[in-house]
Structures are given as C-alpha cells and as structure tokens.
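This is what each chain is made of:
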Amino acid sequence: MSQYADELRSLVDDLAASGNPDLWNSLVGLGLPRVGIDEERGGSGGSLDDLLVVVQSLAGHGIGVPVVEASTADWVLSHARELDAEPSTVLLLDSALDAESGTLTAELSAVPWARDAARLVLCAPHSAPLVVDLRHASVTVSPVDNIAGEPRDTVTLHATPAVLLEGAPSYGAVRERLALLWSAAVLGAAHGAYRLTRSYVAEREQFGAPLLKIPAVAGNLARMRVQLVQADAALALATEAAPPEGATEIVRITTAAAATEIAQIAHQLHGAMGITAEYPLHHLTRRLWSWRDAVASERSWAESLGRRAAEAGESGVWTRITATGH
Amino acid sequence: MDQSPGTDSCVQLRAQVRQLTAEWRDAGRYAPRSDSWLRSFDLDFSKELAARGLIAMTYPVEFGGAGRTNVERLAVTEELLRAGAPVAAHWIGDRQIGPAILRHGTRALQEEIVPRIASGEAVFCLGMSEPEAGSDLASVRTSAEPVEGGWLVNGHKIWTTQAHHATHAYLLARTSREERKHDGLSEFIVDMDSEGVSVTPIVDLAGEHHFNEVRFENVFVPAHRLIGEAGKGWKQVVEQLSFERGGAERSLSSYPVLVELVAETAEQQDDRELHALLGTLTARLAVLRRLCYEVAGAMDAGRAPVQQAAALKYLGNAFEHDVIEALRRTDRCQDPAFDSVFGQALIASPAFSLRGGAAEVLLSLIARQEARS
Ligand SMILES: Cc1cc2nc3c(=O)[nH]c(=O)nc-3n(C[C@H](O)[C@H](O)[C@H](O)COP(=O)(O)OP(=O)(O)OC[C@H]3O[C@@H](n4cnc5c(N)ncnc54)[C@H](O)[C@@H]3O)c2cc1C
C-alpha cells in the first residue's frame, strides 16, 4: 500500500462520520473519485492502490455513492481527453455494439447511476469504448434500483451520437479494474458488517451476559474473522506488483464467498434488530448481496478460472499461483 | 506490494526440490501419497534433503542450518508436499523443535540438538497430548520433579506421531502445581532410549501405525534438557504452535486428490458445475498459499502470528476436506479402493481438523482474540 493509505483512510472515515447529507459532492470537491488518474489529465494523482483504499473505506460505512462507476468512467475518458467537471458513469457490456454510423440505438439495462450522470462510457468486447451524452434529447432514462437501493437505470438510446474513445484502455483492462474495485468495495462492506456485529454482540445481553460470552456466538464471530483474513489476503495477492495470472478471478471469488458468509452470520447474530430499517446493518448487507456479483457473477468467475485450471493441468495451476516467486 | 528478497532463490529452491522428488519418484524410491508429512517416513530421504541444505533452512549456519528465511523454507515445504514426498522423519523436528530450542534453549542445548536435527539424525516426536489433555493442553498431568542433576519424569502421552521411529521426544510436563493450570508447565527434550520410556502402537482406522502411546516411568532427564524457563512453558508452547499450525502442510494434505480433480475436470468438458467447483478450489488454494507466505513473513520479522496461524490452519483444513468431496462429485470415486488416491485421502481426512488443534478450538482461540480487540 502507498504512503498515503492511512491518510486517505482517515480522511474518508471522518467525512463518512460527519453525517454530511451531500457527501458525494464533498468527495468530488476533494478530488477523491479521481484518485488513481494522472494529474495532467485532470485526475488527482496517486495510484490504483490509493483508490482502492478510498473505495474500501467508503464501503465500510455502508455509503452508497457512485465512486466505482465514476472513477472508472473518468479513468477511461482520461486516456482520450482531459477531464471536465461533468459526472460520468460506465457500463460494461458482454457483446459488441454497432456504432459504425456514429450513432447508437439500444436499450441498456442496469446502467449504474444513469439518472445522475451526464455521460455514459460504454465498454464492449473487441472495440474501443464509446461515450454518449446522457442528457441528449434522444436519450430516455427510466429509474430502476438494485436491492441495495442504488440506481441501475434503464437507458434507451435512439440514434444517439456516440463517440469512439481512441487510445482508451481495452475492454479487458476496464473489466479487470472494475473487478478489483468491486472486490475492494465488498471487502470494505464486509469489514463494516463485521465491526457492527462485533460491537452488537459485545453489548447486547441475553441470559445475563453479553452475547459474546456464549461460545456458539463467539464461534460465529470467529468464522466472520476467518473470512476477512481470507479476503484481505486475496486483495493483497491481486494488488501485488506482478499478480499471478487469474488474480482477478481469485479476488472476486474469494470476496464474494466472504460476502455471502459474513452477511448471513451478521444477520444471524444481530437477531431481529438487524432486520429493521432503522439499524444500519442492512446498508452493508444489501450492498454485499448486490456487489458480490457485480461485473460478473461469482459462478462465472469460478467457471472461467476452473476452465483455465483444467486446461493448464496441475503443474500449470501450481506454476501460476507460485509465479510471484516466493 | 513488496517482493520478498528471496524471490530468485525461491524459484531456484523450487526447481531443486522438483528435480530431487522427480528423481526419487522415477526411480521408484517413493510413491506420492496424501498426508505424506505425517505418514510417509523415510530417513534416507530426509538425510538426502539435509545433505542439500533443504532442512533446517532457517537455522543459523553455525548450528548446521542454512541461515535462510521462513519464506524460502516455505517454497521448499510446498514443493515437497505437492510431490507427496516422504518427509515425516524430519518434519516435526525441523518445523518446530529446532526453532523452539533456538529461541529458548541454552547454548549447550542448541549445540547438542540443533545440528542433529539439521543433519537428519535426530528424529523427533511431540509429547503434548495426554488421555486427559487433548484440546485443553494446559491440563497435562505428566510430571517432572526436580532431582539431583535434573528431573524425574512420570506420565503418559498419547497420539504421539512417529514415536516408534523417534530418537528424541519433545515433552510438555508439569514441574509444579499452581493455582492457574497454565502456570507450572515446562518443556523438555527426552532421549527415547532413556530407561523407563516405553512406546506402544496405536493402529488407525486405515490399519496403519503412525501414532503411539508413550509412557514415562521414573525417566531421568538431565537439567540441561529443559527448554527455556521452568514453569514458563505455556507461553513457549503457544508460540511453538504457530510454527506447528502456520505451515503449508495444513492446506496440502490431500493435494494428490486435487491433482486428480484437475485431470478429471479436463476430461469433463461439458460439466460446467465441475469447472466452477475447480475454479473455486483453485482460488482458495491461491489464497491459502498467500496466507502461508504472510505467516512465514511474520516469522521472519520475529513475530509468532498466533491468530493468523490458527485462521490459516482452520481454512486450510476445510480446503483439504473440500478437495476430497469435490472429487467425489465425479464418478471416479464409487466404491473407492483402499489404496486409491481418493481412498487414502478420505481415510486420512478425519485427522486434518484435529491434529495440531481441533477446528472448534481454533475458532475459540480466534474468538478470544476478537473479544479482546
Ligand atoms: C493423526 C494425528 C496425529 C497426532 N499427533 C500428535 C502428536 O504427535 N503429538 C501430540 O501431542 N498430539 C498429537 N495428536 C493429538 C491432537 O493434537 C489432538 O487430537 C487434538 O489436540 C484434539 O484433542 P483430542 O483428540 O483429545 O480431542 P478432545 O479434546 O477430546 O476434543 C474432542 C472434540 O471436542 C471438541 N472440543 C474440545 N474442547 C472444546 C472447546 N473448549 N470448545 C469447543 N469444542 C471443543 C473438539 O473440537 C473435538 O472436536 C494427533 C492427533 C491426530 C489425529
């Protein structure tokens, strides 16, 4: 991690704790969503590792802001042009788009935060990314929310002008960056759910003592910790200078599995309290449930990693996972 | 992320081990098997490793070690386990007794024992568990009473792996009765050929003999064979357990099954579920080895990462079990033969989450730490 990691973490923690109703604009004002983009291109400088810290810390507070989407859209745009103040978002598609004519006609579903964004960066396989103006008269945005209550709107384009972003990162690179950012987000929310659960079982009394004194409760808390240990290690592996091949799949699979177990145990240990709207647990668990399968499902990452493993054979697999040298 | 200083040497060490194990395997000198670190005993192989500087790797050169890092040692142990090589003869001594003596033993004890572990001459067994003290290790009853020039040991140890081959035992005994059962414990090195030591086999469910009962009847142990301070053994044992728990052997006991699973999956092109299952296991394996690396790094930094090692053992043991269940998901395992890769691993599997600390106990150790934090 970079030298700024601790500073960034405490900056974000302070902002999150301040209860600021316009947190997103404060974050933008501080340039945080543009961490990890070169300053000459309108970014805030710093590395991807720094951005991961920002994403993870925000997620730890159960805060719903478009940091992953905006930062990735801006990162793509910054390779083709200098950034301005307009908010952008990004959508990853699994099949190619036909924009030969310089316009696009399509119905796009689950476009994150489209209602709040001015621009949409579209990344499809086998082509450079495209950008469309979401405020163009030919565009309709119908609001849809995911189970975390975050915008995943339907966007309809009717011969909407679409500009190719030459020189922008490849589809694969964007997908990988998103996968890493979502992994950090899941990890942050998982840590948040753990922290909340730990203090709940330490304070709430049943049978005359804190829940934490009950061995089965303590054992469940330990199982959450074990998942965090595993997921932290996976992110560390994926952010190595030279991560092993398959690191993206590995970190997605590991964080998704941790999200599943942690959300389940967190609710169990909170009892009925965890189900109320008023109590903050659901801000974390609903995000864990949504984000664990962002970009692609856990199942599909697992299948693609498994296919490559089967093709490589045991010695290929082993060579890859020990490729970092140590 | 920082690259370990050992990167290049780790690559070389891996290559060296691969070559050696391939030679021995091809010459029919061993057959790869699950759980080889506990079951596969071959003193010649251990001596061969010793001659090449591949055991006692982290010990100082003056005691016959190689003065290398725990990270480098990990590269070697991983490759040995992956190859299912016969490493049981030196495993316990190399892994934890040498380091324990180096940390806490007197100079005389270090000079006496450590070089013999390094050369593969001293074969160790671990005398911790007793019939009345398994998970609750602090309730050991075996006693060591001070006598002229040393200690007199009486007691009964159980589940002692490879005691029938061992030249030496590590012994946890009570040297005084205190109010807190964690006080008054001490660690010793005992010669297995001392008068009063007797070993009786315990045959396991596979019909194999690897563990034993060991009885100590008025066994004299010279004073200098005490490790560290009398009565302060608990702290030392806990530290030692992170060496015992934090290694790759806690994830790779059923590795030969994974080898088969990879091959089987390649043949089942259309089985998407099986591919997904293999993918998940691959991800877990990669993360486990990352954790092993982190634990080894912590040891190199002079820390005994008790909680991390416990978490690693817990996760690793679950992985070892799940690999076996994954192969069962294919058709290879119907009515499994005793000596098949699957059969061997399955029969060995109940031990995975017991030896070195039962799974529930590891969880409660982790939980205690969480409650304090
Ligand atoms: C193959 C093998 C090799 C071994 N080799 C050695 C060796 O070389 N030297 C040596 O000293 N020992 C050895 N052992 C012993 C091993 O370390 C013990 O089996 C282990 O510590 C568990 O103790 P136990 O078997 O007495 O189980 P017990 O302590 O009787 O426990 C039985 C069950 O109860 C559970 N339990 C116990 N206490 C608690 C608690 N507080 N909370 C929740 N659950 C609990 C345990 O998890 C376990 O599932 C070996 C064991 C095996 C299987």
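Criteria and thresholds
Residues numbered from 1 in each chain as written. Chains lettered and ligands numbered in written order. Predicted model: local features only at pLDDT ≥ 70, side-chain atom pairs only at ≥ 80, totals over all residues. Heavy atoms only, no water. Domains from an automatic or database assignment. Contact = heavy atoms within 4.5 Å. Buried area = accessible area lost by both parts, 1.4 Å probe. Polar contact = N/O pair within 3.5 Å; in protein donor to acceptor, adjacent residues only side chain to side chain. Near = heavy atom within 4 Å. Areas by Shrake-Rupley, 256 points an atom, 1.4 Å probe, with all protein chains shown as cover. Nonpolar A, V, L, I, M, F, W, Y, C, P; charged D, E, K, R; others polar. Buried < 20%, exposed > 50% of the residue type's maximum accessible area, 1.4 Å probe, protein only. Helix = DSSP H or I, 4+ residues; strand = E, 2+ residues; numbered from the N terminus. Pairing = 2+ DSSP bridges. pLDDT = per-residue confidence, 0-100.

Engineer: Requested: an account of the domain arrangement of chain A, with residues and values cited.
Structural biologist: All names here are of chain A. What the domain assignment reports for chain A is domain 1 (1-79), domain 2 (86-168) and domain 3 (171-324). Inter-centroid distance (C-alpha atoms) of domain 1 to domain 3 is 21 Å. Facing 19 residues of domain 1, the contacting portion of domain 3 comprises 21 residues. Carbon and sulfur atoms supply 71% of the area buried between domain 1 and domain 3, which totals about 1,600 Å² over both sides. Ranking the residues of domain 1 by area buried against domain 3 places Leu52, Gln56 and Trp75 at the top, with a combined share of 30%. For the pair domain 1 and domain 3, the number of links is 1 residue pair in polar contact (both at pLDDT 80 or more).

Engineer: For the site of the ligand, give the residues involved together with the corresponding values.
Structural biologist: All names here are of chain B. Taken together, 16 residues form the shell around the ligand, and within it Ser129, Ser135, Trp159, Thr161 and Glu360 come nearest. At 2.7 Å, a backbone N or O of Leu126 approaches a nitrogen atom of the ligand. Summarising the interface, the protein chains cover 65% of the accessible area of the ligand, which totals 960 Å² for the free molecule. Residue composition of the shell around the ligand, grouped by class: 7 nonpolar, 7 polar and 2 charged.

Engineer: Go over the pairing of strand β1 (residues 88-92) of chain A, please, and point to the residues and values.
Structural biologist: Residue and element names in this part refer to chain A. Of all 5 residues in β1, 5 are buried; the element is thus mostly enclosed. Along β1, one buried face is formed by Ser88, Val90 and Leu92 and the opposite face, lined by Thr89 and Leu91, is buried too. Bridge count for β1 against strand β3 (residues 119-123) is 5 bridges, and the pairing is parallel. Paired with Ser88 across the bridge in β3 is Arg119.

Engineer: Outline the confidence of the model for chain B, listing residues and values.
Structural biologist: Residue and element names in this part refer to chain B. For chain B, mean pLDDT is 94; residues scoring 70 or higher make up 98% of the total. The secondary structure element of chain B with the lowest average pLDDT is helix α7 (residues 233-245), at 89, and the one with the highest is strand β5 (residues 185-191), at 98. For this predicted complex, the interface confidence score (ipTM) comes to 0.89, while the overall pTM stands at 0.92.

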